[in-house]
Every structure is written in C-alpha cells, then in structure tokens.
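So the chains spell out like this:
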Amino acid sequence: MKLDSTNTLQNWLADYGGVRERAMRTLFSALDGLCEGTVIVDRECRIVWMNARYAARFGVAGTEEVIGRIIEEIIPTSMMREVVQSGQPILLDVMETAKDAFVVVRLPLRDEQGAVIGAVGFALFDRLQPLAPLFSKYQRLQDELSRTQRSLAEARRTKYTFSNFIGDSAASLAVKRLARRASQVDAPVLLLGETGTGKEILAHAIHAASPRAHRPFVGVNVAAIPDNLLEAEFFGVAPGAYTGADRRAREGKFQLAEGGTLFLDEIGEMPTALQVKLLRAIQEHEVEPLGSNRIQHVDVRIVAATCADLVARVAEGSFRADLYYRLNVLAIPVPPLRARGEDLALLCEHLLEDIALRTGLPHCELEPAALALLAANPWPGNVRELRNVLEKSVLMSENQHLSAVDIAAMLPADIRLHTSTSAPAPSAIVPYALAMAEAELRILREALDACGGRVSEAARRLGIGRATFYRRLALLGDGRKV
C-alpha cells in the first residue's frame, strides 16, 4: 500500500512538472505570437533570442544578426539592463524609439536557485490606442489629485497680510510694529483682545511675513470643536484607535501644519485635561496620536489668540499657569475699535469697497453725518460689528450715499435713534446726525397728520415720492402703520 502511494506521488509530480513545462511553453508561444516583439537577454545583457518581427522593426534583416550583441546596440532606449541588475520587473512601460512607441513588459529570468540569469521583454503594442481608456482614467485621477492638492494648499495659505489690518492711528501702528517684530522670531505669540478686533488677520500676517511663509498655515477654533474630539483634531488618530476609527492614520492639526504655523483661536476655551498635551507638544516639539505609542516629531510655530482674561483663568484654576507662561512669550494686545477712533473713516472706506466687491452692488460712500453717527457708537463688537452695520446699510439703501438715517436704522437697539418727539433737556447735547433725523421724522409725521393719514397727499405736499416717504419713515423708526 505504501509503495502504491509513493508511485502515485511520483507520477503526480512528473505530470505536474510536465504540465507546468507545457504551460510555460504555451504561454511564451502565445505571447510571442500576440506581441509585436519578443527579446531575451542573458546576465550580460547580450541578446540570446529575438523574434523576426521585432528584429525587422530595428532594421535587422534576420534574427541571426542580433544574437550575441549587447541589447543597447539594437534598442538604444532598452531598460532590460535595469531589470537584470535590479531583479525587479518593469510592467506596462512605454518605450519610445526613433520610429515607434511600444507598450512593453520586462521580466527577470531566474535559475533554480533564484539567481537572475537574464531577462525577457515583450512589446505588447506598437500603438497606444488599445491602452487609451486606461491611460485616460489614470490621467483623470492624477488631475483630480492635483486639483485636490492645490485646493488644500490654497486653503492652508495665508489670506491676509499686514496691509489688511487697516489703520494708521498710533494704536494700530504700534500693533503692526509688534507683530512684524514677532514674525521674524520663532517664539510663540499670544494675541489678546476683544472679539472682532482683527486677531485672526494679525495671525495670518505674522505667518505671511515669517520665514515659514512658504509652509502651511493651519487655523483651528478651539471653542468650535467638542471637547471629546479635540485630542484627535490636534494630535491625529492611529489606525483603528477605537471602534469605528478609520483603518488609515488620520493626521492632526500639528502634523498638517508641519514646518509652518498653527493658529489656536480662542485658546482660553481649551479643556484643562488637554492643556498638558498641548504644553508638551509646544515645549518638546512632539505629539502622540490618539491610540498610538509612537512619538512623532513636529516643527510648528504657535500663534494663539483669546478674548478671555487668561490671568484670571489661571487664578481660578481653569487654565494652567505653565501653559500660559509658555504661550505668553510675545504678547500683543490688540486694541478695540473705540480706542482707534482715528481709523474709523479709513476702515469704513475699506469695508465699503470690499462689500461692493463681494455683493456686486455699486460702491457706497458715507455722508459726514453718517460718519459722525458711527463715531458715536461704542462698538462692543468692534470691526466685525462695524462691517455688519455697513453691509446691512448698503443692502437696504437705494442711494450710493449713506445718510445718518440709513446708518441709524441698522445700529443696535440700545443706541438706535430716539423716536420720541419730546424736546431734550436744555443741558443735553444731541449729536448733529440725531438732531437732523429727529427733525426729519417730525416733519414726516406732521405732514401725515395734516393729510389725515394719506401718504400720497403728504408726499405730494412735501415734494417727494410716495415710495420715498414710506422708506424714510421706516428707516427713521416710526412704528405706526400707514
């Protein structure tokens, strides 16, 4: 029984070897017949065989003339030598000659011990059309990848420079002078100021003027990210770090900002538990992705900003003192708009130009009374609030000159024009714009009362259009229905 099993195995092995040998010969014959050319070289890259069709392509009358010759003598652009030397195949390559372009496959040949003894090459096509769909799809994917990379690079590029921080007052010039100085050193920068003062513009400008300007600028609003996602957002996630995590690693903001600047807006809102890892990342230039034991070195410059009183938060224990001292190396206080009164006219002009550009509406200008009214506002929302008021005024106005009335209708309720007709106390000083608006409102009301509430008649007597009468009455804050 044992003898029969041995014979069966030997017979099977013999058949297997025979089948394999026949398969190899059949495959080679099939490829040789289908391909435009076939060539075999030895370990010295001398041709040991080339089919007649291929030889004719290179101006050789018969196969015998190429046997024993170096491959480059017949095919100057051949890469068979690289295959022999590296032992690695070159698949689906395009080989160009003086007359034709071939799609070729090159494979190493090995002996029983695995040593490279030569190479075989097949010229699959002499025209690229058969592979056009594949090349076309590959090119589309490459184009999409290039567009995505350009889009990401654009998104991580600075949007502002120091020219975008508008103002030539002493306070504004002092801020820009400090920021320019900070841009030339690599220490952390802490921007302190109320919301809407332009801290983000300064962060962009500092990066744009720094030696890191050609590297990414990555901004993250700490207050806008849920606490349970902050660690992953900052330091990245290892593959499969938790259930449902991506199988591929995901980079955090520190890795994305490699070589560039990481802007941490609203840093005062960072949870205490994460402040330790942030401090380590800043001090040691190292991060540890979530779910990983591998430390990654990072080269990132930190610019942080906050409208919170960090000293008070340190005192109450919600912000680590060591992190505060590490961030507060170059502190730049950004003044509020009410401390930059000299910049108001310049700011308004710039904002109105930008609003016209973004909305496509005609460019509007402020009348002197409107500018005086804006100057009387304390602007708790600073430049951001100023832009909001101007943009609403432009959208609602039918004129290219914004009056005090146009502006007054868009101001916050606590400082909006008084609609009372009672005279002010003798000691009160009413701004010119408010007094003019009060007078206009009184004229409109008296005309309406005199005409029994008929708007058309009141407008006719005053010499203005009916639509204008309605609009001026609404802008001046009259609550009655007409």
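A brief look at the structure comes next.

What counts as what
- Throughout this document, residue positions are counted from 1 along each chain, in the order its sequence is written.
- With the structure being a predicted model, the display of local features is reserved for residues of pLDDT at least 70 and the display and counting of side-chain atom pairs for 80 or more, all residues being used for whole-chain, interface and lining totals.
- Calculated side-chain values reflect all of the structure's heavy atoms, with hydrogen atoms and water omitted.
- Paired strands, as defined in this entry, are two strands with at least two bridges between them according to DSSP.
- By the criteria applied, helices consist of DSSP H or I runs no shorter than four residues and strands consist of E runs no shorter than two, each listed in order from the N terminus.
- The axes are straight lines fitted to the C-alpha atoms, using for helices just the contacting stretch, and the angles between their N-to-C directions are given from 0 to 180°.
- Residue exposure (1.4 Å probe, protein chains only): buried if accessible area is under 20% of the type maximum, exposed if over 50%, otherwise partly exposed.

Looking at the sheet that holds strand β5 (residues 116-125)
Logical step 1: Reading across from one edge, β2-β1-β5-β4-β3 is the order of the five strands in this open sheet, with antiparallel pairing throughout. Two strands bound the open sheet, and with one partner strand each, they are β2 (47-50) and β3 (90-96). Across the sheet, the axes of successive neighbouring strands diverge by a mean angle of 25°, strand direction being ignored.
Logical step 2: As judged from the five bridges shared by β3 and strand β4 (residues 101-110), these two strands associate in the antiparallel manner. Pairing of isoleucine 90 across the sheet is with arginine 106, part of β4.

Focus: unusual backbone geometry
Logical step 1: Positive phi values are uncommon outside glycine, yet glutamate 266 reaches one of about 55°.
Logical step 2: Here glutamate 266 is to be found in the loop between β8 (261-265) and α10 (272-284).
Logical step 3: Given a relative accessible area of 18%, glutamate 266 falls into the buried group.
Logical step 4: Phi at asparagine 382 is positive, roughly 60°, even though this residue is not glycine.
Logical step 5: As for its position among the elements, asparagine 382 is in helix α15 (residues 382-396).

Details of the sheet that holds strand β7 (residues 217-221)
Logical step 1: Strand order in the open sheet made by the five strands is β7-β8-β11-β6-β12, with parallel pairing throughout. Edge positions in the open sheet fall to β7 and β12 (330-333), since each of these has one partner strand only. In this sheet, adjacent strand axes meet at a mean angle of 15° when their direction is disregarded.
Logical step 2: Sheet topology note: the strand β6 (residues 189-192)/strand β11 (residues 301-306) ladder contains four bridges and is parallel.

Describing the pairing of β8
Logical step 1: A large share of β8 lies buried, amounting to five of its five residues.
Logical step 2: Going residue by residue along β8, you find Thr261, Phe263 and Asp265 tucked away on one face and Leu262 and Leu264 tucked away on the opposite face as well.
Logical step 3: In this sheet, β8 lies alongside β7 in parallel orientation, the contact comprising five bridges. Considered in β8, the bridge of phenylalanine 217 is made with threonine 261.
Logical step 4: Sheet topology note: the β8/β11 ladder contains four bridges and is parallel. Bridged to threonine 261 within β11 is arginine 301.

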